[in-house]
Amino acid sequence: RVRGTPFTAGVQAAGAKAYTVYNHILLASYFESYEADYRHLKEHVQVWDVAVERQVSVKGPDALRLMKMMSPRDMDRMADDQCYYVPICDNNGGMLNDPVAIKLAQDHYWLSLADGDLLQFALGLAIASKMDVDIVEPDVSPLAVQGPKADELMSRVFGDDVRDIRFFRYNRMAFMDTEFVVARSGWSKQGGFEIYVDGTQYGMPLWDALMAAGQDLNVRAGCPNLIGRVEGGLLSSGSDMTRQNTPVEAGLAKISNSPADFIGKPVNEAHTENGPPRQISPLA
Ligand code: THG
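These lines cover the structure that appears in this document, whether it is placed above or below. If you're wondering where the values come from, they're calculated on a predicted model, not measured in any experiment.

Reading the values: rules and limits
- Residues numbered from 1 in each chain as written.
- Predicted model: local features only at pLDDT ≥ 70, side-chain atom pairs only at ≥ 80, totals over all residues.
- Heavy atoms only, no water.
- Pairing = 2+ DSSP bridges.
- Helix = DSSP H or I, 4+ residues; strand = E, 2+ residues; numbered from the N terminus.
- Axes fitted to C-alpha atoms, helices over the stretch in contact; angles between N-to-C directions.
- Buried < 20%, exposed > 50% of the residue type's maximum accessible area, 1.4 Å probe, protein only.
- Left-handed = near helix turned anticlockwise from the far one by under 90°.
- Contact = heavy atoms within 4.5 Å.
- Nonpolar A, V, L, I, M, F, W, Y, C, P; charged D, E, K, R; others polar.
- Salt bridge = Lys/Arg side-chain N within 4 Å of Asp/Glu carboxyl O.

The strand order across the open sheet formed by five strands is 5-8-9-4-10, and the pairing between neighbours is antiparallel. Edge positions in the sheet fall to strand 5 (83-85) and strand 10 (134-136), since each has one partner strand and no second. Adjacent strand axes in the sheet meet at a mean angle of 20°, parallel and antiparallel pairs treated alike. With five bridges connecting them, strand 8 (residues 100-105) and strand 9 (residues 108-112) associate as antiparallel partners. The residue bridging V100 from the neighbouring strand is S112, located in strand 9.

Here it is, written out as structure tokens:
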């Protein structure tokens, strides 16, 4: 019942010392140690198997309608090449997940999930609202390239155009006989990219290409680093906040003000106007 990923062979060979399970899939916790991994990430470049960030693909004539129902963030303002961090709420404003949404086309979005089975929530809404959308989990596995040397490593594999991708924007970049969505994003404050690897068969060839191209950059296998993410104030759904918290309580008021009638809007509005009963905030 616990799945591997297209990159698991590489992660194992690189010496992952512990794993957790996230979306029913293996996620490495650390390689050398939390401290050593953290120091390396701040100086060099790492390749992270974050295939656990599963995509929910929402496609069809009613895709935008469903996204507006689920997203506290104004989907009408989203650019064609943009990624949005979107907390998703229940009817009481409680957070169910906090995915990254990627706009692939006017009628096609991915929701790149945190730990939780949000596909069934989306599917349930679509069925109950009789929407014309296809909702599937595609064979897409994010691979993150993070750290100060990420631009250099990525340009060696994908060409210099990757350098022009702006924060939370994406471009389609060629690899072998295909192309991938490549965004400037990732769950660290060291900068870098996420490659949405579309097709399991490309997983290890891409992993090996990055490792080979980055030898002199001291590239290593890594994973979301606990020290780095706490220091950076990056929220972890299920740990820092649960269904007991609204996005406003989680410090996400600025991205919870969509004019659309999204699920959980009244509670979010009340928390914004009156101040939330609790405030989760990073330690400065
Ligand atoms: N990348 C992708 N999918 C993901 C994550 C990711 N799914 C699970 C999890 N991470 C979702 N949670 C977050 C939390 C924070 C951020 C991204 C995803 C993040 N926040 C930036 C910050 O706080 O500095 C800024 C966000 C913004 O400006 O919109 O990066 O990492 N694919």
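That was the structure; now back to the text.
Counting buried residues along strand 9, five of its five residues qualify, which places the element largely inside the surrounding structure. Burial along strand 9 is two-sided: H108, W110 and S112 and Y109 and L111, pointing in opposite directions, are all buried. Between strand 8 and strand 9, which pair antiparallel one after the other, the connecting turn spans two residues.

It is at 11 Å that the axes of helix 3 (residues 63-70) and helix 4 (residues 118-128) come closest, and there the two elements cross at 115°. Our pair here, helix 3 against helix 4, has a crossing hand that is right-handed. Where helix 3 approaches helix 4, its residues L66, M69 and M70 are matched on the opposing element by F121, A122, L125 and A126. The class makeup of the residues in the contact of helix 3 with helix 4 is seven nonpolar, no polar and no charged.

Moving on to the environment of I195. Among the secondary structure elements, I195 is positioned in strand 14 (residues 192-198). Accessibility expressed as a relative area gives 0% for I195, which makes it buried. As a C-alpha pair, I195 and A144 span 51 residues in sequence and 6.2 Å in three-dimensional space. Excluding residues that lie within four positions of it along the chain, I195 makes contacts with S141, P142, L143, V145, M154, F158, F180, V181, V182, L206 and L210.

Quick look at the pattern of salt bridges now. Tallied over the entire structure, the rule returns 16 salt bridges. When the shortest N-O distance is used, the salt bridge between R156 and E152 registers 2.9 Å. In this pair, R156 and E152 both sit in helix 5 (residues 150-158), four residues apart, roughly one turn of the helix. Between R156 and D216 there is a salt bridge, and its shortest N-O distance comes to 2.7 Å. Of this pair, R156 sits in helix 5 while D216 is found in the loop between helix 6 (203-213) and strand 15 (220-222), placing the two residues 60 residues apart along the sequence. Put simply, E152, R156, D160, R163 and D216 are held in one network by salt bridges that share partners.

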